Amino acid sequence: QVQLVESGGGLVQPGGSLRLSCAASGSGFKVNTMAWYRQAPGKQRELVADITSGGSTYYADSVTGRFTISRDSAKNTVYLQMNSLKPEDTAVYYCNAEGTYGSRWSGFRSWGQGTEVTVSS
């Protein structure tokens, strides 16, 4: 019942910046935690950052100090500001959202389709 659509990926040089966005759409849902994951070729999908409805954040050690996650609850949108990008940040980035929906507030966990980020000179 909840769909996520990411945007903002692309090609950037090392040291550059990108901002990813992910918008949740649907009706009758409430989001708790929103997160960004990434998956590089041949590697496991890993959690990059997440943010709760209360604004608490988590960052993977590899991105701490360079990436910032934020959200606009009114727009059901989460952002990932990526600065000082490194080649090892190259991956497909996926948005994830967890929460409840419907009259019974059933739980959901939705994934976006992914947006590619390539960091290369």
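Relevant structure appears above.
Predicted, not measured: the structure shown is a model, and the values here were computed from it.

What follows deals with the packing of aromatic side chains. Under the defined criterion, the tally for this structure stands at three aromatic pairs. Linked through ring pairs, F29, Y101 and F108 together constitute an aromatic cluster. Looking at R45, its charged tip hangs above the ring of W111, at a distance of 4.7 Å from the centre.

Let us look at the nonpolar core. With 30 residues, the main nonpolar core has W36, V48, F67, V78, L80, M82 and Y93 as its most contacted residues. Counting only elements with at least two residues in this core, the list comes to β3 (18-25), β4 (29-39), β5 (46-51), β7 (67-72), β8 (77-82), β9 (91-101) and β11 (115-119). Among residues more than four places away in sequence, those in contact with L80 are L18, R19, L20, W36, V48, A49, F67, T68, I69 and Y93.

For the rest of this paragraph, the subject is the side chain of D50. Tracing the chain through its elements places D50 in strand β5. The side chain of D50 sits in the buried core without any salt bridge; R71 is the nearest counter-charge, 8.7 Å away. Setting aside its immediate chain neighbours within four residues, D50 contacts T33, M34, A35, S56, T57, Y58 and I69.

This brings us to the pattern of salt bridges. Note that side chains of opposite charge can pair when their charged atoms are close. Summed over all chains, the structure comprises four salt bridges. A salt bridge links E46 to R38; its shortest N-O distance comes to 2.8 Å. Taking the shortest distance from any N to any O, the salt bridge between R109 and E98 comes out at 3.0 Å. Separated by eleven residues along the polypeptide, R109 in strand β10 (residues 106-111) and E98 in strand β9 bring together distant segments of the chain. By relative accessible area, E98 is classed as partly exposed at 32%. Among the charged side chains, a network of salt bridges with common partners joins R38, E46, R66 and D89.

Read across the sheet, four strands follow the order β1-β3-β8-β7 without closing on themselves; strand pairing throughout is antiparallel. One side of each edge strand has no neighbouring strand; the edge strands of this open sheet are β1 (3-7) and β7. The sheet shows a mean angle of 15 degrees between the axes of neighbouring strands, direction not considered. Pairing of β7 with β8, which is carried by six bridges, proceeds in the antiparallel orientation.

Residues L4 and E6 point to one face of β1 and are all buried, whereas Q3, V5 and S7, pointing to the other face, are not buried. In this structure, β1 lies alongside β3, joined through five bridges in antiparallel fashion. Within β3, the position partnered with S7 by the bridge is S21.

With that settled, consider the pairing of β3. Two faces, one strand: in a regular strand the side chains alternate between the faces of the sheet. One ladder, built from six bridges, connects β3 with β8; its direction is antiparallel. Its bridge partner being in β8, C22 is matched across the sheet by V78.

We now examine the state of the cysteines. Tallied over the full model, the rule gives one disulfide. At a sulfur-sulfur separation of 2.1 Å, the disulfide partner of C22 is C95. Its S-S torsion of about -85 degrees marks the bond between C22 and C95 as left-handed, since a negative value means left-handed. You can see C22 sitting in strand β3 and its partner C95 sitting in strand β9, a full 73 residues away along the chain. We note that C22, like C95, is buried.

Reading the values: rules and limits
- Residues numbered from 1 in each chain as written.
- Predicted model: local features only at pLDDT ≥ 70, side-chain atom pairs only at ≥ 80, totals over all residues.
- Heavy atoms only, no water.
- Phe/Tyr/Trp six-rings, centres within 6.5 Å; stacked < 30°, edge-to-face > 60°.
- Lys NZ or Arg CZ within 6 Å of the ring centre and 35° of its normal.
- Core = buried A, V, L, I, M, F, W, Y, C linked by side-chain atoms within 4.5 Å.
- Buried < 20%, exposed > 50% of the residue type's maximum accessible area, 1.4 Å probe, protein only.
- Helix = DSSP H or I, 4+ residues; strand = E, 2+ residues; numbered from the N terminus.
- Contact = heavy atoms within 4.5 Å.
- Lys, Arg positive; Asp, Glu negative; His and termini not counted.
- Salt bridge = Lys/Arg side-chain N within 4 Å of Asp/Glu carboxyl O.
- Pairing = 2+ DSSP bridges.
- Axes fitted to C-alpha atoms, helices over the stretch in contact; angles between N-to-C directions.
- Disulfide = S-S within 2.5 Å.

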